[in-house]
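Chain by chain, the residues run as shown.
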Protein chains: 2
Amino acid sequence: MSLEHILLGLLRQPASGYDLKKVFDERIDYFWAAELSQIYPTLKRLEKRGWARCCQAVSSRGPGRRVYETTTAGRRALRDWLAKGPEIGDERFAYLAQIYLMDELGDLKQTLRFFTVLRDDFNRKLEALRRLERYWVEADPHYPDELPPPDFHVHLTLRMGILSLGGHVRSCDESIRRLRARMDREKHTRPGVSKSTRRKNPHAPPRHKLALRPPDRKSQTPRARP
Amino acid sequence: MSLEHILLGLLRQPASGYDLKKVFDERIDYFWAAELSQIYPTLKRLEKRGWARCCQAVSSRGPGRRVYETTTAGRRALRDWLAKGPEIGDERFAYLAQIYLMDELGDLKQTLRFFTVLRDDFNRKLEALRRLERYWVEADPHYPDELPPPDFHVHLTLRMGILSLGGHVRSCDESIRRLRARMDREKHTRPGVSKSTRRKNPHAPPRHKLALRPPDRKSQTPRARP
DNA sequence: ATCCTCATGTAAGTGGTTACATGATTGT
DNA sequence: ACAATCATGTAACCACTTACATGAGGAT
């Protein structure tokens, strides 16, 4: 479980479950989400396993705080996780599945609308990360070159987030251009409802010429499974 | 559940659970994975709900095939799903979490190794998709402009996959450049084990200057929750 | 004989979400 | 008085994975 290891990493600085939730929402958000209802039991599990220790603390309001901290055994587990290389699961992208099947709507205008919404969403997230980066640049005169190692790694993570989101936005832009080009071509060659934009019979099953297996089937990258 | 809707889309052409598994492994793989043990119960559920119908068929070897097909009610459900806009969950990226916490290893060389492995993995996946695209280009003289709508949407999906994976590879390349630059600088300014590459005390908790909340906290994009 | 592919499934477990329960303190 | 924030948690559910069970037919 990755959440366990992430908590191990964050708890190198003591924090309560409630504190951690804020860290996720305010800073980790763009690559990992976590709910309190999952954080609390995970903390207990870490404690039971000896990877984190807990001490009670008082709060000005509300119930007593349970402040956790990673133990040396916990840090060993964290290092093992980091050292065994990148964990790339088979990520699932529902929006790609939607595009794959969107011929069902039989209307390229809807596909176009879908892509613009998608683009705007990626772009909003991208802007949020860029704001964060700008803030760091302004706050620290020698950002990012002179950063101490922990901050440098945080910086690397943020850069990855910004660059890959930028890639997503550009992907959408390219698709939107292609879509518009195709729609223009159809409008000019046969005005009115063309046979390509609107399905003649919406109940006819779609025929995928392209959905053929590629010739070198065996040489395709197999999914990484542990 | 997205798998339900994906099956609804794929079953516009009749197929058995076993057939569908192959479709996932050979073509859908880069944006959605599915196991047989999940596909079979889902098919039953779709049938019970009236979104798919099933008919028995014989097989030359092995038990009888249960061939499913989407019903008109099922296609309505599929269209509703597609029409209600992109489904962008809070994707989790364990490898970004690993980078975020990798200062724990206290050795930039290991971070660099991590990034090169990551880059190679993205690149292998990218090459697989490019091979697929090349195959389509060669097989069809007027690819992609003259494609019928279903194939055009499959094409759009593949392009999105290729472009965003390309973005990931470039992100890794940039990080690798930055890492090398920093390592070079350290080597020249203070030869031997420098205080930036190696942690003096591996048990000291890391201090994150950058892990501060940005000034415009409230204006950050909230996660989309339905 | 033994293994691979075809073809169906079940059962147990994991990682995560949604909804609910509780109660103190502070601000409007 | 009412809502928001602080702070803890539980219970039920959901999507998905791993491991297991079964058995026919063809290939080595």
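For the structure, check the block above.
Residue numbers restart at each chain and count upward from 1, following the sequence in its written direction. Naming scheme: in the order in which they are written, chains are lettered from A and ligands are numbered from 1. It should be noted that, the model being predicted, local features are given only for residues of pLDDT at least 70 and side-chain atom pairs only at 80 or more, the latter also being counted only at that level, while totals for whole chains, interfaces and linings use all residues. For the side-chain quantities, the full set of heavy atoms in the structure was used; hydrogens and water were omitted.

Looking at this structure, how should I read the packing of helix 6 (residues 108-139) of chain B against helix 7 (residues 149-189) of chain B?
Each packed pair of helices is defined by two parameters, the angle between the axes and the distance between the axes. All names here are of chain B. Taken N-terminus to C-terminus, the directions of helix 6 and helix 7 make an angle of 155°; their axes are 9 Å apart at the nearest point. Classified by the angle their axes make, helix 6 and helix 7 are roughly antiparallel. Relative to helix 7, helix 6 is oriented so that their crossing is left-handed. Under this grouping Gly is polar, as are all residues other than the nonpolar Ala, Val, Leu, Ile, Met, Phe, Trp, Tyr, Cys and Pro and the charged Asp, Glu, Lys and Arg. Of the residues that constitute the contact of helix 6 with helix 7, the class distribution is 18 nonpolar, 7 polar and 10 charged. A fitted line through C-alpha atoms serves as each axis, taken over the contacting stretch for helices, and the angle formed by two N-to-C directions is quoted from 0 to 180°. Think of it this way: any DSSP run of H or I at least four residues long counts as a helix, any run of E at least two long counts as a strand, and we number them from the N terminus. Angles are sorted into four bins: roughly parallel if under 35 degrees, roughly antiparallel if over 145, roughly perpendicular if 65 to 115, and oblique for all others. Handedness of each helix crossing follows the sense of rotation of the near helix against the far helix: counterclockwise by less than a right angle gives left-handed, clockwise gives right-handed.

Sorry, what's going on with the environment of A:Leu101 here?
You can see A:Leu101 is positioned in helix 5 (residues 94-101). Between buried and exposed lies partly exposed: a residue is buried under 20% and exposed over 50% of the maximum accessible area for its type, with that area taken using a 1.4 Å probe on protein chains only. Judged by its relative accessible area of 2%, A:Leu101 is buried. With 55 residues separating them in the primary sequence, A:Leu101 and A:Leu46 have C-alpha atoms 43 Å apart. Residues count as neighbours in contact if any of their non-hydrogen atoms are within 4.5 Å of one another. Apart from the residues lying within four places of it in its own chain, the contact partners of A:Leu101 are B:His5, B:Ile6, B:Gly9, B:Leu10, B:Arg12, B:Leu78, B:Trp81 and B:Leu82.

Can you walk me through the protein's contact with DNA strand D in this structure?
Any residue with at least one heavy atom within 4 Å of a molecule or strand is counted as near it. Near DNA strand D there are 26 residues, and of these A:Tyr18, A:Tyr40, A:Lys44, B:Ser37 and B:Gln38 occur at the shortest range. The protein-proximal atoms of DNA strand D, defined as those within 4 Å of the protein, are 70% sugar or phosphate. For DNA strand D, a phosphate oxygen lies 2.9 Å from a polar atom in the backbone of A:Arg66. For the purposes of these results, a polar contact is taken to be a pair of N or O atoms within 3.5 Å, where, inside protein, one atom must be able to donate a hydrogen and its partner to accept one; residues adjacent in sequence count only when each atom of the pair is a side-chain atom. A distance of 2.5 Å is found between a phosphate oxygen of DNA strand D and a side-chain nitrogen or oxygen belonging to B:Gln38. Those elements that provide at least two residues to the surface near DNA strand D are helix 2 (17-28), helix 3 (36-48) and strand 3 (65-70) of chain A together with helix 3 (36-48) of chain B. In terms of residues, the surface near DNA strand D owes the most to one element, helix 3 of chain A, which gives 4 residues.

Hey, could you run me through the side chain of B:Ser171 in this one?
With respect to the helices and strands, the residue B:Ser171 is situated in helix 7. A relative accessible area of 0% means that B:Ser171 is categorised as buried. Polar contacts involving the side chain of B:Ser171 include one to the main-chain carbonyl oxygen of B:Gly167, which spans 2.7 Å. If sequence neighbours within four positions are ignored, B:Ser171 has contacts with A:Met160, A:Leu163 and A:Ser164.

How should I be thinking about the sheet that holds strand 1 (residues 15-16) of chain B in this particular structure?
What holds strands together in a sheet is hydrogen bonding between their backbones, with the strands either parallel or antiparallel. All names here are of chain B. Here 3 strands make up an open sheet; going across it, the order is 1-3-2 and the pairing antiparallel. The open sheet has two free edges, formed respectively by strand 1 and strand 2 (52-57), since each of these has just one partner strand. Where strand 1 and strand 3 (residues 65-70) come together, 2 bridges link them in antiparallel fashion. Directly across from Ser16, in strand 3, lies its bridge partner Val67. On the sheet, helix 3 packs against strand 2 and strand 3 and is oriented at approximately 55° with respect to strand 3. By the convention used here, strands pair only if DSSP detects at least 2 bridges between them.

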